[in-house]
Amino acid sequence: RGPDVWLLQADVHALPFSVDSASGGVGAFDLVVCHNSFPHFVDRPAALGELARTLVAEGELLILHDLSRARVNAIHGGAGGPIKDHLLPAGEETQMLLMEAGFAEVWVEDGEEGYRAGGRRPAG
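Here the structure is a predicted model, which means the values were calculated and not measured.

Peer 1: Where do I start with helix H2 (residues 69-79) in this structure?
Peer 2: An α-helix turns once every 3.6 residues. As a result, residues three or four positions apart point the same way. For H2, the set of buried residues is Val72, Asn73 and His76. All buried residues of H2 lie within an arc of 95° about the axis, which places them on one face of the element. Along H2, exposed side chains directed more than 90 degrees from the buried face belong to Ala70, Arg71, Ala74 and Gly78. Elements that come into contact with the buried residues of H2 comprise strand E2 (55-65). Phi turns positive, to about 65°, at glycine 80, one or two residues after H2.

Put into structure tokens, the structure is as follows:
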């Protein structure tokens, strides 16, 4: 919502952003937000690795859902079809996925008001 904002549709498993090897393989973004999309990532470790790759050192990833994990999973499970198995993982699993993708300062909030998780790409 601004003059310098781009909208890009891309596969999170293979993002179309190059990384400057002269900068030690650091990406270009200070912040990546996954809003109401995390359950739909087919290969979460690969997706989180790609998101980490696009972040600058100390860049932050936020995973945000407007509903609790229980509500998201009930909606998806009840919908059937292609999204019936697109479920939000328990907080411990998300925390482990983030740490395995190389994120530090990892946190997860799984509450009635929503599901939120995040972490930082470490410096160097």
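Now that the structure is up, let's keep going.
Peer 1: Help me out: how do you make sense of the pattern of salt bridges in this one?
Peer 2: Any two side chains of opposite charge can pair, on the condition that their charged atoms come close. Under the criterion given, the structure shown has five salt bridges. The partner of arginine 53 in a salt bridge is glutamate 50, and the shortest N-O contact between them spans 2.8 Å. Separated by three residues within a single helix, arginine 53 and glutamate 50 lie in helix H1 (residues 44-54), roughly one turn from each other. Since its relative accessible area comes to 13%, glutamate 50 is described here as buried. The salt bridge involving glutamate 60 is made with arginine 120; its shortest N-O contact spans 3.7 Å. A residue pair is termed long-range when its members are at least 10 positions apart, and glutamate 60 in strand E2 and arginine 120 in strand E4 (residues 114-120) qualify at 60 residues. What makes glutamate 60 partly exposed here is its relative accessible area of 23%. Here the residues in one salt-bridge network are Glu60, Glu105 and Arg120, joined through shared partners.

Peer 1: Is there a simple way to explain the side chain of asparagine 73 in this structure?
Peer 2: Within the secondary structure, asparagine 73 sits in helix H2. The buried category is assigned to asparagine 73, whose relative accessible area is 15%. Ignoring sequence-local partners within four residues, the contact set of asparagine 73 consists of Leu87 and Leu88.

Peer 1: Would you explain the pairing of strand E3 (residues 104-111) in this entry?
Peer 2: If a strand is regular, its side chains alternate between the two faces of the sheet. Alignment of E3 against E4, held across six bridges, turns out to be antiparallel. Bridge pairing in E4 places glycine 111 opposite glycine 114. Between E3 and E4, which pair antiparallel one after the other, the connecting turn spans two residues.

Peer 1: Sorry if this is basic, but what is going on with the nonpolar core here?
Peer 2: Of all hydrophobic cores here, the largest spans 21 residues; its most connected members are Leu48, Leu51, Leu61, Ile63 and Leu98. Breaking this core down by element, the ones donating at least two residues are strand E1 (29-35), H1, E2, helix H3 (91-100) and E4. If you tally residues by element for this core, the top one is H1, at four residues. Not counting the four nearest positions on each side in its chain, isoleucine 63 is found in contact with Cys34, Phe38, Leu48, Leu98, Tyr115, Arg116 and Ala117.

Peer 1: I'm lost on unusual backbone geometry in this one. Help?
Peer 2: Glycine aside, negative phi is the norm for most residues, and most peptide bonds take the trans geometry. Even without glycine at this site, asparagine 36 takes up a positive phi of about 55°. Mapped onto the fold, asparagine 36 is located in the loop between E1 and H1. Of the residues examined, asparagine 36 reaches a relative accessible area of 34% and is grouped as partly exposed. Although it is not a glycine, glutamate 105 adopts a positive phi angle of roughly 50°. As for its position among the elements, glutamate 105 is in strand E3. When its relative accessible area of 56% is taken as the criterion, glutamate 105 is described as exposed.

Cut-offs applied
- Residues numbered from 1 in each chain as written.
- Predicted model: local features only at pLDDT ≥ 70, side-chain atom pairs only at ≥ 80, totals over all residues.
- Heavy atoms only, no water.
- Buried < 20%, exposed > 50% of the residue type's maximum accessible area, 1.4 Å probe, protein only.
- Helix = DSSP H or I, 4+ residues; strand = E, 2+ residues; numbered from the N terminus.
- Arc of directions from axis to C-beta.
- Contact = heavy atoms within 4.5 Å.
- Salt bridge = Lys/Arg side-chain N within 4 Å of Asp/Glu carboxyl O.
- Pairing = 2+ DSSP bridges.
- Core = buried A, V, L, I, M, F, W, Y, C linked by side-chain atoms within 4.5 Å.

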